[in-house]
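Each chain is listed here by its residues.
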Amino acid sequence: MTPPDAPLTSPEAGDRAAPAVLSGLTVLTKRSDFLAAARARRAAVAGFLLQARQRAAGEPGEGVRVGFTCSKKIGNAIARNRAKRRLRALAREILTDRGLSGWDYVLVGKPQATIASDYAALQRDLHSALNRIHG
């Protein structure tokens, strides 16, 4: 039994509103952020599509923000979740080092390619896509 003066461990309303963090990356959750990235720069590679935009000076958020999209074209829920897991692993591994602060990145899965590609090939794809985006 916990002592009566022990702090409560249940999340409060303010904690639920905090953005999700993925190893130093903030995860995009608002539709408007995804739409803004879709209107900005993009680099299509074999395994996925990378959309990226630099945030304006007055916009909220700091550091690198990343989002993931896998439509029903990828397949059923199991296939979509597997594709998103692979994209999250790529972001965690590469965007923490190579992503520029003040930028939003969205990785969009491609049917068959995101799941079927070798992970090393996806890593090379993300490096080349970042080189194209940032010149």
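Figured I'd write up the structure that's included with this text. Residue indices follow the written sequence of each chain, beginning from 1 at its first position. Owing to the predicted nature of the model, reporting of local features is limited to residues with pLDDT of at least 70; listing and counting of side-chain atom pairs is limited to 80 or more, with chain, interface and lining totals taken over all residues. Values reported for side chains reflect all heavy atoms of the structure, with hydrogen atoms and water molecules removed beforehand.

## As for the overall build of the protein
Put simply, the rule reads: Numbering of helices and strands runs from the N terminus, with a helix taken as a DSSP run of H or I at least four residues long and a strand as a DSSP run of E at least two residues long. Think of it in three bands: residues with accessible area under 20% of the maximum for their type are buried, residues over 50% are exposed, and the middle band is partly exposed, with areas taken using a 1.4 Å probe on protein chains only. Residues are treated as being in contact if the distance between any of their heavy atoms lies within 4.5 Å. Only the protein chains shown count as cover for residues, and the accessible areas themselves come from Shrake-Rupley with a 1.4 Å probe.
A tally of regular secondary structure across the protein gives five helices and six strands. When its helices and strands are written in sequence order, the protein yields α-β-β-α-β-β-β-α-β-α-α. Looking at the 135 residues of the protein, the share that counts as buried comes to 40%. Long-range pairs, those at least 24 residues apart, make up 76% of the contacts in the protein between residues at least 6 apart in sequence. For the protein, the computed accessible surface area is about 8,200 Å², with 53% contributed by carbon and sulfur atoms.

## Quick notes on the packing of helix α3 (residues 77-98) against helix α5 (residues 119-134)
Our working rule: The axes used here are C-alpha line fits, helices contributing only the stretch in contact, and every angle between their N-to-C directions lies in the interval 0 to 180 degrees. Should an angle fall under 35 degrees it is called roughly parallel, over 145 degrees roughly antiparallel, and 65 to 115 degrees roughly perpendicular, with every other angle called oblique. The sense of a crossing depends on the near helix, which, turned anticlockwise from the far helix by less than a right angle, makes the crossing left-handed and, turned clockwise, makes it right-handed. Asp, Glu, Lys and Arg are counted as charged, while Ala, Val, Leu, Ile, Met, Phe, Trp, Tyr, Cys and Pro are counted as nonpolar; the rest, among them Gly, fall into the polar class.
Where α3 meets α5, the axes come as close as 10 Å, and the angle between the chain directions of the two elements is 45°. In terms of orientation, α3 lies oblique with respect to α5. For α3 against α5, the interelement crossing comes out right-handed. Only Tyr119, Leu122, Gln123, Leu126, His127, Leu130 and Asn131 of α5 make contact with α3, whose side of the interface consists of Arg86, Ala89, Leu90, Glu93, Ile94, Leu95 and Arg98. Across the contact of α3 with α5, the residue classes tally to eight nonpolar, three polar and three charged.

## Quick look at the nonpolar core
Applicable threshold: Note on terminology: a nonpolar core comprises buried Ala, Val, Leu, Ile, Met, Phe, Trp, Tyr and Cys residues joined through side-chain atoms within 4.5 Å.
Core analysis: the largest hydrophobic core is formed by 28 residues, its most contacted members being Phe48, Leu50, Val66, Leu95, Tyr105, Leu107 and Leu126. Listed by contribution, the elements that provide at least two residues to this core are β2 (25-27), β4 (48-54), β5 (65-69), α3, β6 (103-109) and α5. Counting residues per element, this core draws most heavily on α3, which supplies seven residues. Listed in part, the five residues of the second largest apolar core include Ala37, Leu49, Val106 and Val108.

## A word on α5
Rules: Residue count minus one, scaled by 1.5 Å, sets the expected span of a helix.
In this model, α5 (16 residues) spans 23 Å end to end at C-alpha, consistent with the 22 Å of a helix rising 1.5 Å per residue. Inspection of α5 places Ala121, Leu122, Gln123, Asp125, Leu126, Ala129, Leu130 and Ile133 among the buried residues, and these make up the whole buried set. Looking at the buried residues of α5, the elements they touch are β3 (41-44), β4, α3, β6 and α4 (113-116). With its phi angle positive at about 65°, Gly135 sits one or two positions after the end of α5.

## A look at the sheet that holds β3
Quick reminder of the rule: A strand pair is defined by DSSP finding two or more bridges across the two strands.
Strand order in the open sheet made by the six strands is β1-β2-β5-β6-β4-β3, with mixed pairing throughout. Single-partner strands in this sheet number two, and they are β1 (21-22) and β3. Relative to β6, β4 runs antiparallel, the two sharing seven bridges. What sits directly across from Ala52, in β6, is Tyr105. Packing of helix α2 (residues 31-38) onto the sheet brings it into contact with β3, β4, β5 and β6, and relative to β4 it is tilted by some 100°.

## Some remarks on α3
In an α-helix there are 3.6 residues to a turn, and that puts residues three or four apart on one side. Note the cut-off: Note that the bend at a residue is defined as the angle between axes fitted to the seven residues ending at it and the seven residues starting at it.
Between its first and last C-alpha, α3 extends 30 Å over 22 residues, near the 32 Å set by a 1.5 Å rise per residue. At Arg92, α3 shows its maximal bend, which comes to roughly 35°. Of all the positions in α3, only Ala79, Arg80, Ala83, Arg86, Leu87, Leu90, Ala91, Ile94 and Leu95 are classed as buried. Lining the buried residues of α3 we find β2, β4, β5, β6, α4 and α5.

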